[in-house]
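These are the residues of each chain, in order.
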Amino acid sequence: MKVCIIGIQNIKHMTLISMYTEYFKKNDVKYDIIYIDKYGVNEDTGAENVYKFNGMDSKYKGNIGKLLKSIRFKIYTENILKNNSYDFIVVWREQTAFMFSFFLKRYYKGRYSVNIRDLWDLQNKILTYGIKIAVQNSAFNTVSSEGFIKYLPDAKYLMIHSANKKILMNGFEVGEKTEMPIKITYIGTLRFYDYCVNLIKAFNNDDRFVLEFIGQGSEEIEKYCNENNYINVLCSGAFSPEDTNDKLKGTHVINCAFGTKKLAERMLTPIRFYYAVSANIPVLTAEGTWLDELAKKYEMAITVPNIFDCNTRVNDIVMNEYMKKDFNRMKIQQEKLDQIIIKSYNDFYYILDSVLNLVRKG
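Numbers given for residues are sequential positions, taken from 1 along each chain in its written order. Residue-level local features of this predicted model are given only where pLDDT is at least 70; pairs of side-chain atoms are given and counted only at 80 or more, and the full residue set underlies all totals for whole chains, interfaces and linings. Side-chain figures throughout are based on the complete set of non-hydrogen atoms in the structure, without hydrogens or water.

A. Representation of the overall build of the protein chain within the structure. Each helix is a run of DSSP H or I of at least 4 residues and each strand a run of E of at least 2, with the numbering of both proceeding from the N terminus. A count of helical and extended segments in the protein chain gives 13 helices and 13 strands. The C-alpha extent of the protein chain, read off along each of the three principal axes, is 60 × 50 × 35 Å. We call a residue buried when its accessible area falls under 20% of the maximum for its residue type, exposed when it is over 50%, and partly exposed in between, using a 1.4 Å probe and counting protein chains only. The 362 residues of the protein chain split such that 54% are buried. Total accessible area on the protein chain is roughly 17500 Å²; 49% of this is exposed by carbon and sulfur atoms. Computed over 49 positive and 42 negative side-chain charges, the inter-centroid distance for the protein chain is 8 Å. To be clear on the numbers: accessible area is Shrake-Rupley with a 1.4 Å probe, and residue cover counts the displayed protein chains and nothing else. In this charge count, Lys and Arg are treated as positive and Asp and Glu as negative; neither His nor the chain ends contribute. In this description, the location of a charge corresponds to atom NZ of lysine, CZ of arginine, CG of aspartate or CD of glutamate.

Now the structure itself:
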């Protein structure tokens, strides 16, 4: 049995592939990995063979550069897949599934999985059709948010909660109501710059709070704060997934508020939500999002408006909601959610085991 994982980003941005790789290691399944290396770094994968495509080497910039790089990566990857005759393919992210949809249907029909981490531009008929081909000819498909399913092409999907037990296996400080200041932490690649800046403006150096931004892209937030004299904001750049626990120490609220401009933003369930579940602390959520509904269900939500200005008094809203939180009740609800998370992983491993057994039998 030989498996290959293919993705269009660095390993550190594919932390949840651990749900596959841990299974492979436990069951003595050899696997290779093919991915685009955008940083020119060596990363631990545990794979037998690592095929890194140089994502930095391009004399073309902008959309043309991205298109040419995608074409080169597609050719590079398909040559490897043809030459190695893998038994099963793990396709990481919907963009990867689109890129290889017709190839997978032709050569690996029923012998690959599609892992959907985000939604795409549903107005793009070519993109939507490519994803449809991919998910309807796979062995199974997983999604990272139940909110995605009704917008996806008709196919069977398994919801996998993005709770990376490997990263949080030692946990971090379990939450309880704190004295001031309350630290609100955004952790992960910063994709929602405008909304984050609006939050910073709304809190307006309120010394009852510290806003922290950790991850790639936070450098722009730091620059903005320095230029505008915001002194209650902390920033630190890219980090290794194994440092997550240390980075989150002292956090009282996880910032999962990112607005509602795009469908993907409204339906997203980010990994950092599960950090809050692990630590028994609340999450900051934007009104009108799938995540806000989910967090309210488990009594974790501190809801802020999706559109606001400095006069909205978001800081007072957050303070009032935080002080009303019953951490004992919240912990009970989070333990219920943790059982659902465990079941989703058990369901995933059952399906993966069944599919690979069928592949083995030919």
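Structure's up, so let's keep going.
B. Here's a closer look at the nonpolar core. Among buried residues, the Ala, Val, Leu, Ile, Met, Phe, Trp, Tyr and Cys ones that are joined through side-chain atoms within 4.5 Å form a nonpolar core. Judged by nonpolar contacts, the single largest core of 120 residues is most densely connected at Phe24, Ile89 and Phe273. Apart from residues lying up to four places away in sequence, isoleucine 89 is in contact with Cys4, Ile6, Leu81, Leu104, Tyr108, Arg111, Tyr112 and Ser113. The contact definition used throughout considers only heavy atoms, calling two residues in contact when any of these lie within 4.5 Å.

C. Representation of a negative patch on the surface. On the surface, Glu219, Glu220, Glu222 and Glu227 cluster together into a patch of negative charge. Relative to the assigned elements, glutamate 222 resides in helix α7 (residues 218–228). In this scheme, patches are assembled from residues that exceed 30% relative accessible area and form no salt bridge. Like charges are connected within 9 Å, while nonpolar side chains (Val, Leu, Ile, Met, Phe, Trp, Tyr) are connected within 5 Å. Within this document, salt bridges are pairs made up of a side-chain nitrogen of Lys or Arg and a carboxyl oxygen of Asp or Glu, the two lying within 4 Å of each other.

D. Focus on the sheet that holds strand β9 (residues 209–214). Pairing between two strands is assigned when DSSP locates at least 2 bridges connecting them. The strand order across the open sheet formed by six strands is β10-β9-β8-β11-β12-β13, and the pairing between neighbours is parallel. With partners counted over all chains shown, the strands left at the sheet margins are β10 (233–236) and β13 (301–304), one partner each. The mean inter-strand angle of the sheet, taken between neighbouring strand axes irrespective of direction, is 30°. As paired strands, β9 and β10 are joined by four bridges and run parallel to one another. By the bridge assignment for β10, phenylalanine 213 is matched with cysteine 235. To obtain each axis, a line is fitted to C-alpha atoms, and for helices this fit is confined to the stretch in contact; angles are then taken between N-to-C directions over 0 to 180 degrees. Each of β9 and β10 is contacted by α7, which is oriented at about 145° to β10, the strand it contacts most. In this fold helix α12 (residues 314–324) packs onto β8 (182–187), β9, β11 (253–255), β12 (283–286) and β13, with an angle of close to 160° to the strand it touches most, β13.

E. Structural detail: the pairing of strand β1 (residues 2–7). Within β1, six of the six residues are buried, which leaves it mostly tucked inside the rest of the structure. The alternating pattern of β1 places Lys2, Cys4 and Ile6 on one face and Val3, Ile5 and Gly7 on the opposite face, and all of these are buried. Alignment of β1 against strand β2 (residues 30–37), held across six bridges, turns out to be parallel. Bridge pairing in β2 links valine 3 to tyrosine 31. Taking the sense of rotation as the criterion, the β-α-β connection linking β1, helix α1 (residues 18–26) and β2 turns out right-handed. When the strands point away from the viewer and the connection leading from the first strand across the helix to the second strand turns clockwise, the crossover is called right-handed.

F. Structural view of the packing of aromatic side chains. Two rings from Phe, Tyr or Trp (for Trp, the six-membered ring) form a pair when their centres are within 6.5 Å of each other. A pair whose planes differ by under 30 degrees is stacked, one over 60 is edge-to-face, and the rest are tilted. Tallied over the full model, the rule gives 22 aromatic pairs. Ring centres of tyrosine 23 and phenylalanine 24 lie 6.0 Å apart, and the angle between their planes is 75°; this geometry places the pair in the edge-to-face category. For the pair formed by tyrosine 23 and phenylalanine 24, the shared burial category is buried. Ring centres of phenylalanine 103 and tyrosine 107 lie 4.8 Å apart, and the angle between their planes is 40°; on these two criteria the pair is classed as tilted. Pair noted here: phenylalanine 103 and tyrosine 107 are both in helix α4 (residues 101–108), with a separation of four residues, about one helical turn. Grouped by ring-pair contacts, the aromatic residues Tyr20, Tyr23, Phe24, Tyr31, Phe88, Phe140, Tyr345, Phe348 and Tyr349 constitute a single cluster. Positioned above the aromatic ring of tyrosine 39, the side-chain terminus of lysine 12 is 4.6 Å from the ring centre. Sitting over a ring, as applied to charges here, requires NZ of Lys or CZ of Arg to be within 6 Å of the ring centre and within 35 degrees of the ring normal. Stacked on the ring of tyrosine 186, the Lys or Arg arginine 272 has its end atom at 4.1 Å from the ring centre.

G. Seen up close, the sheet that holds strand β7 (residues 158–159). The strand order β3-β2-β1-β4-β5-β6-β7 describes an open sheet built from seven strands, whose pairing is parallel. Sheet topology places β3 (49–54) and β7 at the edges, where each strand pairs with a single neighbour. The pairing of β1 with strand β4 (residues 88–92) spans five bridges and is classified as parallel. Note on β4: the bridge partner recorded for isoleucine 6 is valine 91.

H. Spatial organisation of the pattern of salt bridges. This model, assessed by the stated rule, comprises 16 salt bridges. Linking lysine 74 and glutamate 78 is a salt bridge whose minimum nitrogen-to-oxygen distance equals 2.6 Å. Of this pair, lysine 74 and glutamate 78 both sit in helix α2 (residues 62–84), four residues apart, which is roughly one turn of the helix. Between lysine 343 and aspartate 347 there is a salt bridge, with its nearest N and O atoms 2.9 Å apart. With lysine 343 and aspartate 347 both in helix α13 (residues 327–361) and four residues apart, the pair spans about one turn of that helix. Residue classification places aspartate 347 among the partly exposed residues on the basis of a relative accessible area of 29%. Look at the salt bridges and you will find they share partners, linking Lys2, Lys30, Asp32 and Glu48 into a network.

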